[in-house]
Amino acid sequence: MSELRWGPVDQQWVIFAPERAGLFLTTTPDVRVAEDPASCPLCPHNVEAAAKTIYRHPHDGEWQTRVVANRYPALHIEGDLQPTGVGLYDKMNGVGAHEVVIETRDHARPLAALSVAEISAVLATCRARLVDLRRDLRLRYVTIFKNHGSDAGALLTHSHTQIIATPFIPTLPRAELTHARDHFVHKERCLFCDVLHQEEIHSKRVVRDDDAYITFCRFASPNPFEVWIMPRRHQHDFALLTDGDLTLFATALKDALLRLNAVLDDPPYNFALKTAPSPNPRPGRPNDWATIELDYHWHLEIIPRLTRPAGFEWATGIAINPTTPETAADYLRRA
Ligand SMILES: [Zn+2]
Ligand SMILES: [Zn+2]
């Protein structure tokens with residue numbers, strides 16, 4: 001069973017997950033990357049027998065996308081949180097969800113190689129899981145993210161996205177949500193809509209723009225070739241997307257991944273979907289995120305893993321980025 005601990009010095013939660021002890025970089029290389037379809041736990045012939053299915057699309061017949069429980073879960077859905085104070089510290093049971101979205105039946109096709117319709121199905125699967133996990137009142141935030149390539153943390157080559165739902169809002173999303181709320185308090189405008197307008201004025205960082213989505217490299221990107229995709233229309237929550245919206249978003253996502261592949265030769269990458277926290281009201285805190293529909297704006301952040309954070313970055317949180325977003329956007333636009 002995992003345990004969550006909160007420390008007062010850095011004021012953040014840490015997940016202690018003993019089941020993942022076998023995943024140290026220095027040990028058990030056999031679990032690091034399953035290259036062979038015969039032993040791949042996400043290939044249809046293995047997954048149907050082995051893994052607990054949480055969701056499948058379509059519901060009947062041959063599945064196209066499938067959601068299974070992670071083999072090495074960081075958090076478990078069973079149990080009570082039992083939050084406890086331990087002197088200065090806080091802890092609770094490692095309750096949450098850790099799911100794997102299998103994006104395709106085909107072992108060898110990465111997300112960028114899927115059709116727009118197939119990527120839309122992956123996104124619709126994520127939307128369905130987001131909506132369902134929010135029904136669990138213990139869970140406050142759902143993180144949808146992807147690791148592609150072993151240098152980005154992927155343990156399997158078979159293309160997949162992961163979902164971790166936590167009983168708290170993690171530090172970085174909380175900071176972003178708070179900055180957006182503060183901006184709204186002072187200016188009565190959405191911070192992200194303001195960013196969007198700024199990027200349109202200075203189009204040097206815009207990679208692609210259509211009626212629905214803007215793809216750009218943000219002004220102070222900590223990471224080289226970091227790309228954001230944002231809906232042009234103000235919308236706080238990914239769960240609100242219609243199927244039509246998903247098709248347009250899938251088009252922008254595929255375009256961004258193909259551009260990164262062309263410029264950087266299939267780089268390892270991570271992406272993370274940033275969206276509103278669970279809308280369930282909390283006892284005693286009726287005003288939590290009361291203006292979220294006005295002040296937050298969901299978006300996707302894609303980070304090719306081109307540099308490795310070292311001592312200075314770890315010590316200070318300051319990134320050293322060798323590529324300006326204007327240069328990165330110029331390469332990506334011409335790809
Ligand atoms: Zn496979
Ligand atoms: Zn907005």
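Above this text sits the structure in question.
Read on for a plain summary of the structure. These figures come from a predicted structure and were not determined experimentally.

Remarks on the overall build of the protein chain
So, point 1. Along its length, the protein chain carries eight helices and 14 strands.
So, point 2. For a compact globule of 335 residues, the expected C-alpha radius of gyration is about 20 Å, and the protein chain comes in at 20 Å, within 12% of that figure.
So, point 3. Along the longest, intermediate and shortest principal axes, the C-alpha atoms of the protein chain span 50 × 50 × 45 Å.
So, point 4. Residue burial in the protein chain is summarised as follows: out of 335 residues, 34% are buried.
So, point 5. Excluding contacts between residues fewer than 6 apart, the proportion of contacts in the protein chain whose partners are at least 24 apart in sequence is 71%.

Some points on the environment of proline 222
So, point 1. Tracing the backbone through its elements, the reader meets proline 222 in the loop between strand E11 (213-216) and strand E12 (227-231).
So, point 2. As a C-alpha pair, proline 222 and threonine 307 span 85 residues in sequence and 11 Å in three-dimensional space.
So, point 3. Sequence-distant contacts of proline 222, defined by excluding residues within four places in its chain, comprise Ala319 and Asn321.

Here's the deal with the sheet that holds strand E5 (residues 84-86)
So, point 1. The strand order across the open sheet built from four strands is E2-E1-E6-E5, with neighbouring strands paired in antiparallel fashion. In this open sheet, the two edge strands, each paired with only one partner strand, are strand E2 (12-16) and E5. Neighbouring strand axes in the sheet, compared pairwise and without regard to direction, differ in orientation by 30° on average.
So, point 2. Across five bridges, the pairing between strand E1 (residues 3-7) and E2 is antiparallel. The residue bridging tryptophan 6 from the neighbouring strand is tryptophan 13, located in E2.

Quick notes on the nonpolar core
So, point 1. Counting 67 residues, the largest nonpolar core has Ile163, Val227, Ile229, Phe249, Leu253 and Ala256 as the members making the most contacts within it.
So, point 2. In terms of residue count, helix H5 (residues 243-264) provides more of this core than any other element does, eight residues in total.
So, point 3. Residue contacts for isoleucine 229: discarding those within four places in its chain leaves Tyr213, Thr215, Ala252, Leu253, Ala256, His299 and Leu300.

Points about the pairing of E1
So, point 1. Relative to strand E6 (residues 89-93), E1 runs antiparallel, the two sharing four bridges. Pairing of arginine 5 across the sheet is with lysine 91, part of E6.

Cut-offs used in this document
Residues numbered from 1 in each chain as written. Chains lettered and ligands numbered in written order. Predicted model: local features only at pLDDT ≥ 70, side-chain atom pairs only at ≥ 80, totals over all residues. Helix = DSSP H or I, 4+ residues; strand = E, 2+ residues; numbered from the N terminus. Rg over C-alpha atoms; globule rule 2.2 N^0.38 Å. Buried ≥ 20, exposed ≤ 12 C-beta atoms within 10 Å, placed from the backbone. Contact = placed C-beta atoms within 7 Å. Pairing = 2+ DSSP bridges. Axes fitted to C-alpha atoms, helices over the stretch in contact; angles between N-to-C directions. Core = buried A, V, L, I, M, F, W, Y, C linked by C-beta atoms within 7 Å.

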